[in-house]
Amino acid sequence: MELVRVPSLKTPENFRKHLATLGVELPCDDNIETAASSPLAQPVRNTSINGKTIGNRFAIQPMEGWDGTRTGGVTDEVLRRWTRFGESGAKLICGGEAMAVRPDGRANPNQLIISKENQADLAKLRQALVDAHRTRYGAADGLVIGFQLTHSGRFCRPNDKRLESRVAYRHPVLDKKFQVTSDAQVFTDAEIKELIKAYVAAAQVAWEVGADFVDIKHCHGYLLHEFLSAFTRPGEYGGSFENRTRILREIIEGIRASGNPIEIGVRLSGFDTVPFKPDPTRAEPGKLGPGIPEDFPTPYRFAFGANPLNPLEWDLSEAHFFAKLCVDLGVKILNLTAGSPYYNPHIQRPAAYPPSDGYQPAHDPLINVAWQIQAVRQIKAKAPPQLIVVGSAYSYLQEFLPMVGQAVVRQGWTDMIGLGRMVLSYPALPAESLEAGRLNSKFICRTFSDCTTAPRNGMVSGCYPLDKYYTGRPEAKALKEIKKAI
Ligand SMILES: Cc1cc2nc3c(=O)[nH]c(=O)nc-3n(C[C@H](O)[C@H](O)[C@H](O)COP(=O)(O)O)c2cc1C
Ligand code: SF4
């Protein structure tokens, strides 16, 4: 496949023509609208969060940094990232980064841990973000901050590069990939009850340091997402939809029973598919093969949001039930994403250049961007109106991100647009698009995937190609060597 590079399209008209050739339905305006006419500048009025109305339609997506202390505390790198989030102008910090509720649930030995021991650090981190926002904009009105709570399940590497996976159930494809070899790695019901207490304790820390909400991570194949697809698990946490969502209910009940009034959000992979791998027959020197599905059994009973008879197709029926359940449980923010960065990254993080453990795109990544936007549209259309819905995977749109973002918000396909990678390379994008109506192409994320490849190889995450803070680091050189070796 000869990939058409997004910057080569130059104008919204060409971009729309290209979308049409792909058969992709995505609206794109002719210009970036500035405040106050921009749909992206409008406050989110569905509901309030901790008494606040979110001040605009830009959300910063959670992004784990691999750069905390070995005990899960905050470092200068983490402070810098959160300060830049505060300066961005986005009014919703939708989790900051995944914070482990227990040390054994870390995806890397330098992930933040949300605990009493780290409470002072986390308070400083939140304050740094608020101060940066206030310094840049004169006030922090309408700024809403959440902390994302996680257990990494199948992807745990709490001590070093070694996997120490814990899972919801035995998986016919992923067990081999993530070294799950024994039933002892499956969480028992009793262990889940203990884990729920850790979520409740973490939410208490979040409240005490001033977070407006906690985001209970149910996405990307991490533990609670895996429970949503625990169709084959016996007992009270597997099988029926009611059982597979029991953990969420029990965490929220626990938070409320503890007297903690913190607001609640959930990040959900609204659809998923089977694991993918590079096609070995089409690899070229210096280039992995394009992604193809791993062999999988049917009916496929191992994905939330996939059609069991053809799991390459989505089935959003349970996502609709989930959105309704969220509202019944008092959840106010549903941040939708898809798939997993570990086993089908083209779905989760559309990119022109794959991470070191990924594969070349088998088709134009705009198709995957559109899947996420369309899935959000469908889920939002059936969700109760008070639920604040956030969409993901906008970074690959590059120069056209604000034009597409404002169009989908105007049409009510989503309440908010979330920025992931783009905000690592170009944190000023929300402010510059709303204030000046144009972007600085020097900082636009080109989806080089270094922010994923670096941590996959044990280095801190960051935008090595475009953020000078990382360009000069020794890791940048090491990263080049790794990419060359691949
Ligand atoms: C370096 C990096 C770390 C990430 N860490 C998290 C995380 O901690 N929690 C989470 O829910 N998503 C995480 N994501 C996924 C992003 O939030 C987002 O869904 C994804 O990058 C797609 O959005 P984008 O196209 O704007 O980058 C991470 C992404 C990147 C690039
Ligand atoms: S390393 Fe920078 S340019 Fe590459 S994907 Fe990450 S944020 Fe984008």
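See the structure above.
The structure presented is a predicted model; accordingly, all values stated were derived computationally and were not measured. (Residues numbered from 1 in each chain as written. Chains lettered and ligands numbered in written order. Predicted model: local features only at pLDDT ≥ 70, side-chain atom pairs only at ≥ 80, totals over all residues. Heavy atoms only, no water.)

Draft legend 1. Structural view of the overall build of the chain. If you tally the helices and strands in the chain, you get 17 helices and twelve strands. Taken over C-alpha atoms, the radius of gyration comes to 21 Å for the chain, in line with the 23 Å a tight globule of 486 residues would show. Overall size of the chain, expressed as C-alpha extent along the three principal axes, is 55 × 55 × 50 Å. Within the chain, buried positions represent 63% of all 486 residues. Intrachain contacts of the chain at a sequence separation of at least 6 include 72% that bridge at least 24 residues. Taken as two groups, the 58 positive and 52 negative side-chain charges of the chain have centres that lie 2 Å from each other. (Helix = DSSP H or I, 4+ residues; strand = E, 2+ residues; numbered from the N terminus. Rg over C-alpha atoms; globule rule 2.2 N^0.38 Å. Buried < 20%, exposed > 50% of the residue type's maximum accessible area, 1.4 Å probe, protein only. Contact = heavy atoms within 4.5 Å. Lys, Arg positive; Asp, Glu negative; His and termini not counted. Charge placed at Lys NZ, Arg CZ, Asp CG, Glu CD.)

Draft legend 2. Just helix 5 (residues 189–208), in detail. Across its 20 residues, helix 5 extends 29 Å between first and last C-alpha, which sits within 8% of the 28 Å expected from 1.5 Å per residue. Within the sequence span of helix 5, burial applies to Ile192, Leu195, Ile196, Ala198, Tyr199, Val200, Ala202, Ala203, Val205 and Ala206. Downstream of helix 5 by one or two residues, glycine 210 has phi in the positive range, about 100 degrees. (Expected span 1.5 Å × (residues − 1).)

Draft legend 3. The pairing of strand 4 (residues 213–218), seen in detail. The element strand 4 is extensively covered by neighbouring structure, given that six of its six residues are classed as buried. Of the two faces of strand 4, the one lined by Phe213, Asp215 and Lys217 and the one lined by Val214, Ile216 and His218 are each fully buried.

Draft legend 4. Molecular detail of the site of ligand 2. Neighbouring residues of ligand 2: Arg421, Leu424, Cys445, Arg446, Thr447, Phe448, Ser449, Asp450, Cys451, Cys463, Pro465 and Leu466. Within the residue set of the shell around ligand 2, elements represented by two or more residues are helix 13 (421–425) and helix 15 (450–456). Among the residues forming the shell around ligand 2, the class breakdown is seven nonpolar, two polar and three charged. (Near = heavy atom within 4 Å. Nonpolar A, V, L, I, M, F, W, Y, C, P; charged D, E, K, R; others polar.)

Draft legend 5. Geometry of the environment of phenylalanine 276. Examined against the element boundaries, phenylalanine 276 turns out to sit in strand 6 (residues 276–278). Expressed as a C-alpha distance, the spacing of phenylalanine 276 and tyrosine 343, which sit 67 residues apart in the sequence, is 5.9 Å. In contact with phenylalanine 276, other than residues within four places in its own chain, are Lys177, Gly291, Ile292, Pro293, Glu294, Leu312, Tyr343, Asn344, His346 and Tyr359.

Draft legend 6. Local environment of the packing of helix 2 (residues 76–87) against helix 3 (residues 119–137). Between helix 2 and helix 3, the least distance of the axes is 7 Å, while the angle of their chain directions is 35 degrees. Handedness of the helix 2/helix 3 crossing: right-handed. From helix 2, Val78, Leu79, Trp82, Thr83, Phe85, Gly86 and Glu87 reach across to helix 3, where they touch Lys124, Leu125, Ala128, Leu129, Ala132, His133, Arg136 and Tyr137. Within the contact of helix 2 with helix 3, the residues separate by chemical class into nine nonpolar, three polar and three charged. (Axes fitted to C-alpha atoms, helices over the stretch in contact; angles between N-to-C directions. Left-handed = near helix turned anticlockwise from the far one by under 90°.)

Draft legend 7. How the structure looks around the packing of aromatic side chains. Counted under the stated rule, the structure contains 21 aromatic pairs. Ring geometry for phenylalanine 178 versus tyrosine 342: centroids 6.1 Å apart, planes at 90 degrees, classification edge-to-face. A residue pair is termed long-range when its members are at least 10 positions apart, and phenylalanine 178 in the loop between helix 4 (174–177) and helix 5 and tyrosine 342 in the loop between strand 10 (333–338) and helix 10 (345–348) qualify at 164 residues. Of the two residues, phenylalanine 178 and tyrosine 342, neither departs from the other in class, the shared state being buried. Here the aromatic rings of phenylalanine 271 and tryptophan 314 are separated by 4.8 Å at their centres, their planes lie at 55 degrees, and the arrangement is tilted. Residue phenylalanine 271 is located in strand 5 (residues 263–271), and its partner tryptophan 314 is located in strand 9 (residues 310–314); the two are separated by 43 residues in the primary sequence. Given a relative accessible area of 3%, phenylalanine 271 falls into the buried group. Tryptophan 314 sits in the partly exposed class, given a relative accessible area of 27%. Members of the aromatic cluster, joined through ring pairs, are Phe155, Phe178, Tyr222 and Tyr342. When the ring centre of phenylalanine 187 is taken as origin, the NZ or CZ atom of arginine 166, which lies over that ring, is 4.5 Å away. One cation-aromatic arrangement involves lysine 217 over tyrosine 222; the distance from NZ or CZ to the ring centre is 3.7 Å. (Phe/Tyr/Trp six-rings, centres within 6.5 Å; stacked < 30°, edge-to-face > 60°. Lys NZ or Arg CZ within 6 Å of the ring centre and 35° of its normal.)

Draft legend 8. How the structure looks around the side chain of threonine 452. Position of threonine 452 among the secondary structure elements: in helix 15. A relative accessible area of 6% places threonine 452 in the buried class. Here threonine 452 is in contact with Arg349 and Pro355, once residues within four sequence places are set aside.

Draft legend 9. Local environment of the sheet that holds strand 12 (residues 416–419). As summarised here, the arrangement of the eight strands in space is 1-2-3-4-5-10-11-12, forming a closed barrel in which the pairing is parallel. Neighbour-to-neighbour, the strand axes of this sheet turn through a mean angle of 30 degrees, independent of strand direction. Two strands pair when backbone bridges link them, and strand 4 and strand 5 are joined in this way by six bridges, in the parallel orientation. By the bridge assignment, lysine 217 is partnered in strand 5 with arginine 267. (Pairing = 2+ DSSP bridges.)

Draft legend 10. Quick peek at the site of ligand 1. Neighbouring ligand 1 are 21 residues, the closest being Gln148, Arg267, Ser395, Gly420 and Arg421. Contacts to ligand 1 include alanine 393, whose backbone N or O atom sits 3.5 Å from an oxygen atom. Across the complex, the protein chains shield 99% of the 610 Å² of accessible surface that ligand 1 would expose by itself. Partitioning the shell around ligand 1 into residue classes produces nine nonpolar, seven polar and five charged. (Polar contact = N/O pair within 3.5 Å; in protein donor to acceptor, adjacent residues only side chain to side chain. Areas by Shrake-Rupley, 256 points an atom, 1.4 Å probe, with all protein chains shown as cover.)

Draft legend 11. Quick look at the pattern of salt bridges. Here the structure, examined in full by the defined rule, presents 36 salt bridges. Here arginine 410 makes a salt bridge to aspartate 29, at a shortest N to O gap of 2.7 Å. Note that arginine 410 is positioned in helix 12 (residues 401–410) and aspartate 29 in the loop between helix 1 (12–22) and strand 1 (58–60), a separation of 381 residues in sequence. Under the relative-accessibility criterion, arginine 410 is labelled partly exposed at 44%. With its nearest N and O atoms 3.0 Å apart, the salt bridge here joins arginine 473 to glutamate 77. Placement of the pair is arginine 473 in the loop between helix 16 (468–471) and helix 17 (474–485) and glutamate 77 in helix 2, with a sequence separation of 396 residues. In this pair, the class of arginine 473 matches that of glutamate 77, namely buried. Taken together, the shared-partner salt bridges in this structure form one network comprising Arg154, Arg170, Asp175, Asp183 and Glu226. (Salt bridge = Lys/Arg side-chain N within 4 Å of Asp/Glu carboxyl O.)

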